[in-house]
Every structure is written in C-alpha cells, then in structure tokens.
Amino acid sequence: MLNTYSYQTALAASEVVHWRIEDIIGGEKRLDFTKPFMPESLARVEELSFLDRDEKRILNQIRGNAYLCIFGLVEEFILPFVLDQTRPQLNGDDYRVRALLQFAGEEAKHIQLFKRFRQEFEESFGTHCPVIGPPEAIAKAILAHDPLGVAITTLHIEWMVQRHYVDSIKDDQQLDAQFKSLLKHHWIEEVQHAKLDTLMVESLAVGRDEAARMKGVDEYLEIGGFLDAGLKQQVEFDLGSFERATGRELNEAEEEEFRRKQLQANRWTYLGTGMTHEKVLETLEWLIPAARQKVESISAAFV
Ligand SMILES: [Fe+2]
Ligand SMILES: [Fe+2]
C-alpha cells in the first residue's frame, strides 16, 4: 500500500461531483468553431510555421475530434475491464463493489458524451475526419493482455487526464468554452478513477513475485507500443483531413514536417503525459523499482 485511497472515500467523492450529459451538451451549448479546442501543449500546431492562423485552428480542431474518439476508444476497454474486476468479488467489500460499479457507470456515460460531441463535430465541421478503430477491435486486442498490464494502462490513462486538465486546459482562456466544459467534466470524475485504478493495481499485484509483476509492466509497455502504432495511423488520417478541410495541398517537405511534429505531439498527448506522471511512476516503483527505471528509460521518446 503506497497511498491513503479507499473505495469508500472515492465513492463518496464521486457522488458529490456527479453530472448528467444533458447538463453539458444540447440546446444553446454548442461548439464554437472560431476557437481552438485543444491546448497548444498537446496540439503543437504553432510549430508548423508553414500554416497560417486559420489553418492552425482547423488542425487544432481536427486534433480535438481525434481526442474525443481516442478517449471513446480507450474507455471502451476500461468499461469491461472494471466490470471484470468487480464481478468475482460481488460478495466482498460493499464499498468496493459500489465504487467500481460507479466507475464503470461513469465510463459508460463518458463514452456516450464523447459520442454526442463527435456527432456535433461531424455535423458542423464540414469535413469527415477519420479516426483509428473500430473500438471493439482495439478493446479486444488490449484486453487479451495480462490484467495487471491492462490495469497499469488504465492507471496511466486516468492520471494522464488529470495532467491534461490541470497543466494545460484549466487556465487556457483561448479554448472554446464548450469543449473546455467537456474536458472539465470528464476530469472531475476521472480524479476518482485514478485512485480506484491505483487500488486495482495494488490488489492485482498481491501474491505475485517480482517476475510476475514485471510481466505485467512489460505487457503495459506492449499495449503502449500497440497504441503508438495507432497514433502513427492517426497522424496520416489527420493529414488527409487537414488537406480536405482547408483545400491546401502540402508539399513533400511540409508533409514530412507535419508527420514528424504531429506524431510527437500525439505521443506526448497519449503516451508521454502518462508515462512521466509522478503518480504512475510511484505505483510502478511500488510494484518493483526496476519497473520505474525501465519506463523512465523509455519515456524520453514520447515527450
Ligand atoms: Fe472517462
Ligand atoms: Fe476514467
């Protein structure tokens, strides 16, 4: 045990911050396409000096749409995983059962919320923006791994959400208010998930020797490699979406720079911000100190 988290306090906190989809989207609450959706530290569109202001904003919005889709994707594996962790112990700690079911319910709600935003994006943006998937195939590939590896991946994702919001979104006044509201409401429920994931990793580690713990960490890194391949594909999709949306055809050198810088931006967004998160590293170190060292030796490629 490396923390003071408990199922009971996570459940109580989640009951206080609970919100409904109807409170966030619909009616007057619409996306404003004259504004950026993503913070620059994640979008990294300013680095592409051959783009003008409007083109940068459009690429930023394409990245925002992909963010919705990629979160939709990862939450589709988190939902069944949390249910799988809950069912075998339904007769155990009542707070554990309720906290995990609440967690699963919130992820189902988030998946639906991301879909609603995507739908509005598709209707208003004017250009279809493809994304990696389908979600079921990605979920199946991830869930085929060691449950400890899946739990560490989930932990990475939940702390990553904390970091995106607190470090880059909260104080950014340039962002579209509606998109920012989505990110804020998502973040506020993910705070509890990150703590529950930590407890899940701890319970999955019980009874494992060092080699078995390291196997879980290696499978987490394998899942990271799988997601990284998906991000490469996503950059190609984003490049195509950008050219269709703006009507601008980039020359070879510009395309090369787009691919290189946007791949790194995606790697930082979805991999680096989790792999270098102190809370993720603390849990890895608690599992086995060599795990922290291993992840730290790799993470420089994703910043
Ligand atoms: Fe979520
Ligand atoms: Fe979550």
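About the criteria used
- Residues numbered from 1 in each chain as written.
- Chains lettered and ligands numbered in written order.
- Predicted model: local features only at pLDDT ≥ 70, side-chain atom pairs only at ≥ 80, totals over all residues.
- Heavy atoms only, no water.
- Helix = DSSP H or I, 4+ residues; strand = E, 2+ residues; numbered from the N terminus.
- Buried < 20%, exposed > 50% of the residue type's maximum accessible area, 1.4 Å probe, protein only.
- Contact = heavy atoms within 4.5 Å.
- Donors = N, O, S within 2.8 Å, 3.2 Å for Na, K, Ca; no water.
- Tetrahedral: all angles 85-135°; square planar, octahedral: opposite > 155°, others 65-115°.

Let us now look at the environment of L73. For L73, the location among the structural elements is in helix α3 (residues 53–86). Assessed through its relative accessible area of 6%, L73 is described here as buried. Setting aside chain neighbours within four positions, we find L73 in contact with I132, G133, P134, P135 and I138.

Right, let's talk about the coordination of the iron ion (ligand 2) for a bit. Around the iron ion (ligand 2), the protein contributes the donor atoms E107 (OE), E158 (OE), E158 (OE), E190 (OE), E190 (OE) and H193 (ND1), at 2.0 to 2.8 Å from the metal centre. Along the chain, the residues donating to the iron ion (ligand 2) fall in the pattern E-x50-E-x31-E-x2-H. In this model, the iron ion (ligand 2) sits 3.4 Å from the iron ion (ligand 1), the two metals being bridged by E107. Of the two residues, E107 sits in helix α4 (residues 94–125) while E158 sits in helix α6 (residues 147–169), which places them 51 residues apart along the sequence. Residue E107 is classed as buried on the basis of its relative accessible area, which comes to 0%. Given a relative accessible area of 0%, E158 falls into the buried group.

Listed as protein donors to the iron ion (ligand 1) are E75 (OE), E75 (OE), E107 (OE), H110 (ND1), H186 (NE2) and E190 (OE); their distances from the metal cover 2.0 to 2.6 Å. The site at the iron ion (ligand 1) holds six donor atoms, and with the angles between them running 55 to 173°, its shape is irregular. If you list the donors of the iron ion (ligand 1) from N- to C-terminus, the spacing comes out as E-x31-E-x2-H-x75-H-x3-E.

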